[in-house]
Number of protein chains: 2
Amino acid sequence: MIQYSPITEEIRSRIVHELGGDCIVDDADAKKVYDRDASELRFSPELVVRVQDSDQVSRLLKLANQYRFPVIPRGGGSGLAGGCLPVLGGVVLSLERMNRILSVDTANLVAEVQAGAITQTLRDAIQKKSLFFPPDPAGMDQSTIGGNAATNAGGPSCVKYGTTKDYVLGLEAVLPNGRPIRTGTRTRKGVVGYDLTHLLIGSEGTLGVITGLTLKLIPLPRAVAGTSALFTSLPSAMQAVTEVLSKGHLPSAIEFLDAKCLALVGDLLPFDVPGQTSALLIIEVDGAPQQVDNEINVIQQICHEIGAAHLLPASDPEQRRQIWEVRRQVSLRIHDNSALYISEDVAVPIAHISALVADLPKFEKQYGFKIYAFGHAGDGNIHLNITSQTRNHLDRVEKGVAAILSRVIQLDGTISGEHGIGEAKKKYLPMELSAESIRLQKEIKKVFDPNMILNPGKIFP
Amino acid sequence: MIQYSPITEEIRSRIVHELGGDCIVDDADAKKVYDRDASELRFSPELVVRVQDSDQVSRLLKLANQYRFPVIPRGGGSGLAGGCLPVLGGVVLSLERMNRILSVDTANLVAEVQAGAITQTLRDAIQKKSLFFPPDPAGMDQSTIGGNAATNAGGPSCVKYGTTKDYVLGLEAVLPNGRPIRTGTRTRKGVVGYDLTHLLIGSEGTLGVITGLTLKLIPLPRAVAGTSALFTSLPSAMQAVTEVLSKGHLPSAIEFLDAKCLALVGDLLPFDVPGQTSALLIIEVDGAPQQVDNEINVIQQICHEIGAAHLLPASDPEQRRQIWEVRRQVSLRIHDNSALYISEDVAVPIAHISALVADLPKFEKQYGFKIYAFGHAGDGNIHLNITSQTRNHLDRVEKGVAAILSRVIQLDGTISGEHGIGEAKKKYLPMELSAESIRLQKEIKKVFDPNMILNPGKIFP
């Protein structure tokens, strides 16, 4: 176990001297937000530093190596795995002030942004230029592009467009030793040396501090059409998903909500949900105006043939907004209705979703919790929201979580589709990765960060 | 400099003992193909071993560590950078017998293949199931999926669909220490630990021997439509490319041939090429039947407005085949017509293609060679085929190549868009990567391969 130095007065004044005093967040209220992300975990930083350029990041990391204190990079704080929390103390390094969109190159379909730019802000800015940055994590009005890259965030659009890693051409980062590095290219293709870009993406701030990104943009789809389909059984809903995809359609979203979620938020939907409904599918397609209307009709026909009880086309923006708002409200309502709330974001091959969901009642009974399931049916990424009305019996709950994750692995799935490991899931890592894989990854970490000062204690158990 | 052991009789008999004698390629004629790839480089292996399973790969690598001899993994041998050649001697490890398509899962849109499966064979097999594996490197009737992953190969479809890395969900590989590893997931999403999948992809067989791949497939586009547009100036052709992309179209191919290439292969085209033609664009779109015809009309209109002299729609498969055959014949004819032939595959942001191509006559004059330019205009990946009628003055040619690559970097480009570094381009690596980046990559190599037995002498100068 590495011994880290506490942030002494000496260290603090060295930081002030090297970075300037206005970087330090001293106000107790202002500091408070840095002890949390969107998970239930809480760890208080010894010091919070908000940098304005990558040179300050370099200086801070050099001091960290000299004095051996942890530095924990932080974007918008919307993560769900505790990845940006100072679990071993130290300095939280916020990138929030490095939030500039440096350029949007319409001829080359490329944007250069600072890491702290808010994802939604970028999406809005480029939309005006008819360009599109597809990754759409649920927290995108709070999350930063740098944080999205650090966690390889994704959202509903993944089924068609992939995740953040698919839209990052190159990175500017500061290595744990304080030296800046530029990875990747400013072109769509490039095979020069090892793919450090993708190694940094998803490394949850443990291999380097991402300070800038070169993003690949695509033309903004000119139209979107959607439908909501209610099914009386979850397997038939999932059969519809498989059928739609294997018949050659590539929707820009295929979301589902199970019966428990519908019971919780059904009142917000712009249509009635009959009592016998077991699943709601929200399907959208994007592309050329005429094409999307035709395609959504064909998709509705597929759903109908498989037995959708109700089909509600939603092509006008207000209806679509309402439906997505419901999708977003689910987590909040689950949270508000439960004393204990654990959000797992497993993914399984889509043909195995039904098998997994069918097993949930068994786990609920055995371990005494209630599971709300919703998520991205199109890519098999299912949010299992494990809840209880009591915080007693935590041991039993944890055993239940492990049992569910074990079933997920058995179904060729992964324990985290999009939230990452961070602090929250590191104890489960050996369920998915072999000892050899973990050994190799820890050695890679050592190459980048021999003194283990950058976001220590994360990912690896 | 590491001292490697020659392949002694003892080593040979240990290999025979551990792997079985029928792995060894002894016939001199059969062995001959292993001294080359599609570049002009030649290096003779001391021994050629064709394995049938990953266990044999493990055994060979363990012996390599014990005796310190180089092992060089090889797929189809269609590379253009010498990546699979035994530049420091040793054993060439051919994966060609591990060529099975293990499963094609139509419900999950996933295929499991052995690394030695031929790319075209996979594409044909899944096409029957209305599925599509987009990466289309020129040598795909010879290249293997494993080799494509090792070099992150791409082709014309990259502009819409990306490269091999975008279709690999997970890998089975044998590490240089002989231990097997499984990376990635069998799902479309996954963020569990570092992205070893992408680290191995494009590492040109220096970090592990890829033995199996889990591939992401997509629905087969139901229709393709194309057009050939002739322009009297190359900048106007490139303006058409930019205009098409920034107006929201995403063609499945945007290829170009310059005037010199047209002079060489114009006779093969199914239409006349007027004398004043400076560039040919080949544009294709894929998707739903009606949509592609509409879209190609709009694209033709854009080309017309920018000044395309001739526009030749090619929607029937035979016309399309002819045009692509011409595109493929270019390299062969250039090769046959030149005593010296160096193929560079630089990429620049698409808006900079014109600037680069405009500079070529200056380089030709100064360094005394002739450059044929063609390639993937849609992603800025330009093949500069540098030729001469003499093999004298090689020094001068090399200086010219370096000057061109330097200009490419100045234009925010990369020295290799798709061929990789291998042996051929390693001396140019420091033009693009910083000393810190190279240091880091060499340390990663050491973590994977402390004895430097796997494909040594590649990538890094």
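Predicted, not measured: the structure shown is a model, and the values here were computed from it. (Residues numbered from 1 in each chain as written. Chains lettered and ligands numbered in written order. Predicted model: local features only at pLDDT ≥ 70, side-chain atom pairs only at ≥ 80, totals over all residues. Heavy atoms only, no water.)

Asker: Help me out: how do you make sense of the overall build of chain A in this one?
Answerer: Across its full length, chain A carries 15 helices and 17 strands. Expected size for 461 residues packed as a compact globule is a radius of gyration near 23 Å; at 23 Å, chain A falls within 12% of this value. Sorting the 461 residues of chain A into buried and exposed places 61% on the buried side. Expressed as a percentage of contacts within chain A between residues at least 6 apart in sequence, the contacts between residues at least 24 apart total 74%. Counting only carbon and sulfur atoms, one obtains 49% of the accessible surface of chain A, whose full area is about 16,700 Å². Seen as two clouds, the 47 positive and the 51 negative side-chain charges of chain A have centres 4 Å apart. (Helix = DSSP H or I, 4+ residues; strand = E, 2+ residues; numbered from the N terminus. Rg over C-alpha atoms; globule rule 2.2 N^0.38 Å. Buried < 20%, exposed > 50% of the residue type's maximum accessible area, 1.4 Å probe, protein only. Contact = heavy atoms within 4.5 Å. Areas by Shrake-Rupley, 256 points an atom, 1.4 Å probe, with all protein chains shown as cover. Lys, Arg positive; Asp, Glu negative; His and termini not counted. Charge placed at Lys NZ, Arg CZ, Asp CG, Glu CD.)

Asker: Hey, could you run me through the pattern of salt bridges in this one?
Answerer: Opposite charge on two side chains permits pairing when their charged atoms draw close. Residues and elements named next belong to chain A. This model, assessed by the stated rule, comprises 50 salt bridges over all chains. Close ionic contact of K445 with D449 constitutes a salt bridge, the shortest N to O distance being 2.8 Å. Taken as a pair, K445 and D449 share a single burial class, namely buried. Through salt bridges that share partners, R14, E18, D55 and R59 make up one connected network. (Salt bridge = Lys/Arg side-chain N within 4 Å of Asp/Glu carboxyl O.)

Asker: Which parts of the structure should I look at to understand the interface of chain B and chain A?
Answerer: Interface size is commonly expressed as the accessible surface area that is lost when the partners come together. With 77 residues of chain B at the interface, the matching set in chain A holds 77 residues. Interface area for chain B against chain A, summed over the two sides, is near 6,300 Å², with a carbon-plus-sulfur share of 64%. Of all residues in chain B, the largest losses of buried area upon contact with chain A belong to K189, V191 and Y194 of chain B, amounting jointly to 16% of the total for that side. Where chain B touches chain A, the interface holds 6 salt bridges. (Buried area = accessible area lost by both parts, 1.4 Å probe.)

Asker: Help me understand the environment of N297 of chain A in this model?
Answerer: All names here are of chain A. Within the element layout of this structure, N297 appears in helix α10 (residues 289-306). Relative accessible area serves as the criterion here: at 47%, N297 is assigned to the partly exposed category. Through-space distance from the C-alpha of N297 to that of P313 is 8.6 Å; in sequence the pair is 16 residues apart.

Asker: Can you help me understand the sheet that holds strand β17 (residues 381-388) of chain B in this one?
Answerer: Within a sheet, neighbouring strands are paired by backbone hydrogen bonds and run either parallel or antiparallel to one another. Residue and element names in this part refer to chain B. Taken together, 7 strands build an open sheet; the order of strands is β14-β11-β13-β12-β16-β17-β15 and the sheet is antiparallel. The strands lining the two open edges of the sheet, one partner per strand, are β14 (310-313) and β15 (340-347). Going across the sheet, the axis of each strand differs from the next one's by a mean of 15 degrees, ignoring polarity. Bridge count for strand β11 (residues 223-231) against β14 is 4 bridges, and the pairing is antiparallel. When the bridges of β14 are listed, S228 appears paired with L312. (Pairing = 2+ DSSP bridges. Axes fitted to C-alpha atoms, helices over the stretch in contact; angles between N-to-C directions.)

Asker: Where do I start with the packing of aromatic side chains in this structure?
Answerer: Ring pairs (aromatic) are described by centroid distance and by the angle formed between their planes. Residue and element names in this part refer to chain B. The final tally for this structure, using the stated rule, is 8 aromatic pairs over all chains. Arranged with centres 5.5 Å apart and planes meeting at 80 degrees, the rings of F132 and Y161 form a pair that is edge-to-face. Here Y161 lies in helix α6 (residues 158-161) and F132 lies in strand β6 (residues 131-132), a separation of 29 residues in the sequence. In this structure Y161 comes out as buried when scored by relative accessible area, which is 12%. Ring geometry for Y367 and F369: centres 6.1 Å apart, planes at 20 degrees, overall stacked. Judged by relative accessible area, which is 14%, Y367 ranks as buried. Across from the ring centre of Y167, 5.7 Å away, lies the NZ or CZ of K216, which sits over that ring. (Phe/Tyr/Trp six-rings, centres within 6.5 Å; stacked < 30°, edge-to-face > 60°. Lys NZ or Arg CZ within 6 Å of the ring centre and 35° of its normal.)

Asker: When you look at the packing of helix α1 (residues 9-19) of chain A against helix α3 (residues 54-67) of chain A in this model, what are you seeing that I'm missing?
Answerer: Packed helix pairs are characterised by how far apart their axes lie and by the angle those axes make with each other. All names here are of chain A. Two numbers describe how α1 lies on α3: the axes approach to 10 Å, and their chain directions differ by 155 degrees. Comparing the axis directions of α1 and α3 gives the class roughly antiparallel. For the pair α1 and α3, the crossing hand works out as right-handed. Touching E10, I11, R14, I15, E18 and L19 of α1 are Q56, R59, L60, L63, Q66 and Y67, all from α3. Across the contact of α1 with α3, the residue classes break down as 6 nonpolar, 2 polar and 4 charged. (Parallel < 35°, antiparallel > 145°, perpendicular 65-115°, else oblique. Left-handed = near helix turned anticlockwise from the far one by under 90°. Nonpolar A, V, L, I, M, F, W, Y, C, P; charged D, E, K, R; others polar.)

Asker: Can you help me understand the nonpolar core in this one?
Answerer: Nonpolar side chains in soluble globular proteins generally cluster together in the buried interior. Membership of the largest hydrophobic core comes to 186 residues, with the highest contact counts inside it found for L213, L215 and F448 of chain A together with L213 and F448 of chain B. Sequence-distant contacts of L215 of chain A, defined by excluding residues within four places in its chain, comprise L109, V110, A111, V113, L122, F133, I145, Y167, V168 and L169 of chain A. (Core = buried A, V, L, I, M, F, W, Y, C linked by side-chain atoms within 4.5 Å.)

Asker: Honestly, the confidence of the model for chain A in this entry has me stumped. Any pointers?
Answerer: If pLDDT is low for a region, its predicted coordinates should not be looked at in detail. Looking at chain A as a whole, the pLDDT averages 94, with 100% of positions reaching at least 70. For this predicted complex, the interface confidence score (ipTM) comes to 0.96, while the overall pTM stands at 0.96. (pLDDT = per-residue confidence, 0-100.)

Asker: Would you explain the sheet that holds strand β3 (residues 91-94) of chain B in this entry?
Answerer: Residue and element names in this part refer to chain B. Strand order across the open sheet formed by 3 strands is β1-β3-β2, with parallel pairing between neighbours. Looking along the sheet, the strands with just one partner apiece sit at the ends: β1 (47-50) and β2 (71-74). For this sheet, the mean inter-axis angle between neighbouring strands, taken without regard to orientation, is 25 degrees.

Asker: Is there a simple way to explain the environment of V174 of chain B in this structure?
Answerer: By the secondary structure assignment, V174 of chain B is in strand β7 (residues 168-174). Setting aside chain neighbours within four positions, we find V174 of chain B in contact with S54, V57, S58, L61, R179, P180, G208, V209 and T211 of chain B.

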